[in-house]
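# Chains, contacts and geometry: an overview
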Number of protein chains: 2
Amino acid sequence: MAYHHGDLATALVDASLELSRDGGPAAVTIREATRRVGVSPNAAYRHFPNRAALLDATAAAIQQGLAAAMTEDPDPSPIARLHRIGAAYVAFALDEPGWFAVVFFGIRPPDPARVELAPAFLALSAALEDLVAAGALPADGRDDAAWACWATVHGFAELCLRGPLAGLDRAEQRRRGDAAIRAVIAGIARTGGSAA
Amino acid sequence: MAYHHGDLATALVDASLELSRDGGPAAVTIREATRRVGVSPNAAYRHFPNRAALLDATAAAIQQGLAAAMTEDPDPSPIARLHRIGAAYVAFALDEPGWFAVVFFGIRPPDPARVELAPAFLALSAALEDLVAAGALPADGRDDAAWACWATVHGFAELCLRGPLAGLDRAEQRRRGDAAIRAVIAGIARTGGSAA
DNA sequence: CTCCGATGTTCACGGTGTCCACATCTGCTA
DNA sequence: TAGCAGATGTGGACACCGTGAACATCGGAG
């Protein structure tokens with residue numbers, strides 16, 4: 001127990017979670033993480049090939065946490081569910097800007113296969129599928145609609161975090177976010193068919 | 001001319017532009033920028049208090065360049081102009097990812113007053129104003145519409161650069177971007193009034 | 001009991017931002 | 001025209017950072 005830590009990998013991820021919560025990915029440092037765990041810097045290299053890998057593992061841990069908050073939507077109406085999902089995405093970004101930044105700016109090769117499996121994407125897809133079933137969205141416009149929704153909520157979060165909407169208070173940010181979400185949802189139902 | 005450079009500040013910004021064009025903000029380094037200009041690292045501190053200030057100046061220079069590309073829109077229809085502006089925004093992000101990252105992720109205090117004057121925002125506002133004049137958008141929904149548009153194009157760019165759409169080829173990215181832009185535009189015209 | 005692989009340590013290198021004291025040049029003033 | 005003051009650039013130093021190589025220690029398999 002003195003020399004061997006037991007589970008250094010997860011301990012380092014935990015430390016990385018603490019560090020990135022305020023400070024974002026830049027605050028995640030091999031040296032600081034190992035320092036917190038009480039271990040020499042190079043010990044990390046037995047479990048992660050480099051700093052980017054530690055950030056990746058941290059991002060994965062964050063996404064799991066996000067999954068739980070995302071799947072709580074017993075709302076029956078597809079439109080309402082869509083809105084809830086989008087609002088939850090924005091809320092997470094504003095509540096945990098550091099973690100949000102880790103998930104989206106941790107240096108990571110874009111692996112489309114894994115992203116498609118992300119819980120947020122699954123929830124979005126399901127809601128859009130219901131919209132198709134309800135006849136409010138053409139089936140062949142579903143994918144485009146998904147990206148449009150994602151783009152809007154993600155971009156809005158970005159505008160609030162690093163962009164021109166950063167100065168606003170949370171209530172106003174929330175109000176404008178709702179308006180933006182309402183806009184896309186209205187737009188995808190109308191324009192889905194004209195995408196070809 | 002040997003000892004004094006003449007205009008080190010702009011020379012450093014130029015070097016920073018080169019560096020960030022590929023490599024983004026992370027590639028902008030006091031030491032490398034000064035190295036390229038042929039000057040000692042500390043010379044930079046006579047013109048910029050720190051690295052962040054150099055990045056800020058670089059971001060300002062990039063935005064000026066973006067302004068030119070943005071204001072070329074002799075398109076008469078407000079809807080068409082809106083689409084053009086959004087497409088130009090996304091195109092710039094995809095054509096110059098490094099510079100785009102500098103503008104939006106250079107560590108910078110959010111100064112809302114200056115952002116409102118950004119040329120891209122002005123073009124967007126003008127197009128939306130025309131939409132109001134044409135009766136396609138309630139006047140009190142104009143601001144919300146602006147943020148919704150901006151959020152969508154910005155988020156879409158992000159999805160293409162660092163997100164799940166990164167793997168797609170340019171043509172496909174462009175097609176989906178057009179679909180997303182079409183969606184918001186359709187959405188703002190419909191939902192603008194219900195924002196209150 | 002012995003040995004081997006997993007894990008952690010130590011030392012070292014090159015890179016970075018930035019502070020401090022010093023050198024040099026330029027322009028204004030007397 | 002002489003000289004001084006401020007602007008500008010230099011050199012050295014410090015504290016960080018990521019990371020590679022060699023070494024030490026432990027725990028379990030034979």
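An unreviewed UniProt entry lists chain A under the name TetR/AcrR family transcriptional regulator, with Microbacterium panaciterrae given as the organism.

Moving on, we get to the overall build of chain A. Along chain A, the regular secondary structure elements total nine helices and zero strands. Reading chain A from its N end, one meets helices and strands in the order α-α-α-α-α-α-α-α-α. Evaluated residue by residue, chain A yields a buried proportion of 39% over its 196 residues. Pairs at least 24 residues apart make up 70% of the contacts formed inside chain A by residues separated by at least 6 positions.

This part takes up the UniProt feature "DNA-binding region" (unreviewed entry) in chain A. Under the UniProt annotation, "DNA-binding region" (unreviewed entry) lies at residues 29-48 of chain A. Each end of residues 29-48 of chain A is marked by a C-alpha atom, and these two atoms are 13 Å apart; helix forms 40% of the span and strand 0%.

Bringing the interface of chain B and chain A into the picture now. Contact residues are listed per partner, giving 37 residues for chain B and 36 residues for chain A. Where the side of chain B that touches chain A is concerned, the elements lending two or more residues are helix H5 (97-105), helix H6 (112-116), helix H8 (142-161) and helix H9 (170-191) of chain B. The residue makeup of the side of chain B that touches chain A, split by class, is 23 nonpolar, eight polar and six charged.

The next subject is the nonpolar core. In terms of nonpolar packing, the biggest core is built from 104 residues, with Ala148 and Val184 of chain A together with Ala148 and Val184 of chain B touching the most fellow members. Sequence-distant contacts of Ala148 of chain A, that is, excluding residues within four places in its chain, are made with Val184 and Ile188 of chain A together with Thr152, Ala179, Ala180 and Ala183 of chain B.

Between the two copies, chain B and chain A, the superposition gives an RMSD of 0.1 Å; the rotation angle is 180° and the shift along the axis is 0.0 Å. Seen this way, the second copy is the image of the first under a two-fold rotation axis. Interface residue correspondence from chain B to chain A reaches 97%, placing this contact among same-surface, isologous pairings.

Bringing the packing of helix H4 (residues 78-95) of chain A against helix H7 (residues 119-133) of chain A into the picture now. Residues and elements named next belong to chain A. Contact pair H4 / H7: the axes reach a minimum separation of 8 Å and the direction vectors enclose 160°. Here H4 lies roughly antiparallel to H7, going by the angle between them. When you trace H4 past H7, the crossing you get is left-handed. Across from Pro78, Arg81, Leu82, Ile85 and Tyr89 in H4, the residues of H7 making contact are Ala120, Ala123, Leu124, Ala127, Asp130 and Leu131.

On the UniProt side, "domain: HTH tetR-type" (unreviewed entry) is annotated at positions that read residues 6-66 of chain A here. Measuring from the first to the last C-alpha atom of residues 6-66 of chain A gives 27 Å, for a span that is 62% helix and 0% strand.

This part covers the confidence of the model for chain A. Looking at chain A, the pLDDT average stands at 87 and 85% of residues meet or exceed 70. Every residue in residues 192-196 of chain A is under pLDDT 50, and counting partners more than four places away or in other chains gives eleven contacts.

All names here are of chain B. In this fold, Glu32 is placed in helix H2 (residues 30-37). With 16 C-beta atoms counted inside 10 Å, the residue Glu32 sits in the partly exposed group. Taking the C-alpha atoms as reference points, Glu32 and Leu12, separated by 20 residues in sequence, lie 9.8 Å from one another.

Here the focus is the environment of Val13 of chain A. Residues and elements named next belong to chain A. As for its position among the elements, Val13 is in helix H1 (residues 8-21). A sequence separation of 44 residues divides Val13 from Ala57, and the C-alpha atoms of the two residues are 6.7 Å apart. In contact with Val13, other than residues within four places in its own chain, are Ala57, Thr58 and Ala61.

All names here are of chain A. The residue Leu12 is located in helix H1 in this model. Sequence separation of Leu12 and Leu54 is 42 residues, and the distance between their C-alpha atoms is 7.8 Å. Contacts of Leu12, omitting those with residues within four sequence positions, involve Ala33, Val37, Ala44, His47 and Leu54.

Definitions and cut-offs
Residues numbered from 1 in each chain as written. Chains lettered and ligands numbered in written order. Predicted model: local features only at pLDDT ≥ 70, side-chain atom pairs only at ≥ 80, totals over all residues. Helix = DSSP H or I, 4+ residues; strand = E, 2+ residues; numbered from the N terminus. Buried ≥ 20, exposed ≤ 12 C-beta atoms within 10 Å, placed from the backbone. Contact = placed C-beta atoms within 7 Å. UniProt positions renumbered as here; feature names shortened; annotations may be inferred. Nonpolar A, V, L, I, M, F, W, Y, C, P; charged D, E, K, R; others polar. Core = buried A, V, L, I, M, F, W, Y, C linked by C-beta atoms within 7 Å. Least-squares fit on C-alpha atoms with pLDDT ≥ 70 in both. Axes fitted to C-alpha atoms, helices over the stretch in contact; angles between N-to-C directions. Parallel < 35°, antiparallel > 145°, perpendicular 65-115°, else oblique. Left-handed = near helix turned anticlockwise from the far one by under 90°. pLDDT = per-residue confidence, 0-100.

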